[in-house]
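# Architecture at a glance
Residue strings, one per chain:
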Amino acid sequence: MTDERAGGAPAGRAVPGPRPGADGEGGDGEGRGGRAKAPRHVACVMDGNGRWAAQRSLPRTSGHRAAERTVIDVIEAARAAGVEWLTLYAFSTENWRRPGHEVDYLMRLVRRVVRKHAPLLHARGIRCRFLGVADPRIPAPLTRDFADLATLTGGNRGMTLTVAFDHGGRGDIVEAARALIRRGVPADDVTEDSFAAHLPLPDTPDVDLVIRTSGEQRISNFMLWHVAYAEWIFPEVLWPDFRATDFLECLRTYQRRRRRFGGVAPQVNQEPRP
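Among the secondary structure elements, T160 is positioned in strand β4 (residues 160–167). Put simply, T160 and V83 are 77 residues apart on the chain and 8.9 Å apart in space, counted from C-alpha to C-alpha. If sequence neighbours within four positions are ignored, T160 has contacts with E84, W85, L86, R127 and R129.

So this is what it looks like as C-alpha cells:
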C-alpha cells in the first residue's frame, strides 16, 4: 500500500531449506547444528497492489483487498521462521497524495483487517505496534482500533509486529532532532545512541533485511535510520501474489550473504575469502 512509484517462535530458529553458502557461513551467524539463523528484524515494503489490479483490469482497490492474504501469510511465515521483529510498510506520509476515494477505502480496509485479525495475532503471542499514526486525517475509529490492538497485545512476548502507517523516515529524524533541541542537549553531547533514543519506538532494533516486492528498487522514505546497514532484496512478484514460500526464499537469500558492516571478510591462509 506504500508509494508504488515514488508466544512466538524461539529466536534464531533455522529457516527451512538447504544450508546457505558453500563454506557454511550464513549472513547473520549460525544456529545450533550449523544452520544459519533467521534475520532478527525483517521489514517489508508492500509494493505492487495497483499494478496487480491493473493487470486484471480491476480497480486499484481490488489490489489492496487482495493484499490481506499476503499480510497474514507473511506474518505467520516470519513467526514460524524465528524472526523476532517484523515491520510492514502499510501507508506512507506521501500516500496522502493519492485520490481521496482510494485513501478513504484504505482507511476502511485497514480497520476491517485490524478488527478481523486481532484475535489471531493475540493468540499467536504477537505484540503489535504502530509507527506513525500522527496525521489528524486518520479517522478516529481507526486510531482507536490501533490503540486497542497495541494494548491487547502489549504483554505478549512473541514476535513484535510493527505496522508503519502514516510513516515517513525523514519526519522521524526531524522529530528526534527537535526533541534533542527542546531538551537543550549540547551539540557535542549528541551521539548516535542518544539520537536513536529520541526516535519513535526507540527500542526497535536496526533492520537486518528489507524485502520490497514488485521489483521496484527504492527506499521510499522508509525507516531511514534503521535501514542504514540492512540487506535489500527486490523480488519481482507483486505483493498480492507474494506468499510464505517467497518470504522464506528471501530469508535464504539473506543467509547466503556475508554482512561485513564496512569491515573485511574473514581471512583464509592470510588471504580474504573471495
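What follows covers the environment of R124. Here R124 lies in the loop between α3 (100–123) and β3 (127–132). Judged by its relative accessible area of 29%, R124 falls in the partly exposed class. As a C-alpha pair, R124 and N156 span 32 residues in sequence and 8.8 Å in three-dimensional space.

All told, the structure shown has eight aromatic pairs when counted by the stated rule. Here the aromatic rings of F130 and F146 are separated by 4.1 Å at their centres, their planes lie at 20 degrees, and the arrangement is stacked. Residue F130 is located in strand β3, and its partner F146 is located in helix α4 (residues 140–153); the two are separated by 16 residues in the primary sequence. By the ring-pair criterion, three or more aromatic residues cluster together here, those being F91, W96, F130, F146 and F165. Sitting over the ring of W96, R137 keeps its end group 4.3 Å from the ring centre.

Rules used throughout
- Residues numbered from 1 in each chain as written.
- Predicted model: local features only at pLDDT ≥ 70, side-chain atom pairs only at ≥ 80, totals over all residues.
- Heavy atoms only, no water.
- Helix = DSSP H or I, 4+ residues; strand = E, 2+ residues; numbered from the N terminus.
- Contact = heavy atoms within 4.5 Å.
- Buried < 20%, exposed > 50% of the residue type's maximum accessible area, 1.4 Å probe, protein only.
- Phe/Tyr/Trp six-rings, centres within 6.5 Å; stacked < 30°, edge-to-face > 60°.
- Lys NZ or Arg CZ within 6 Å of the ring centre and 35° of its normal.

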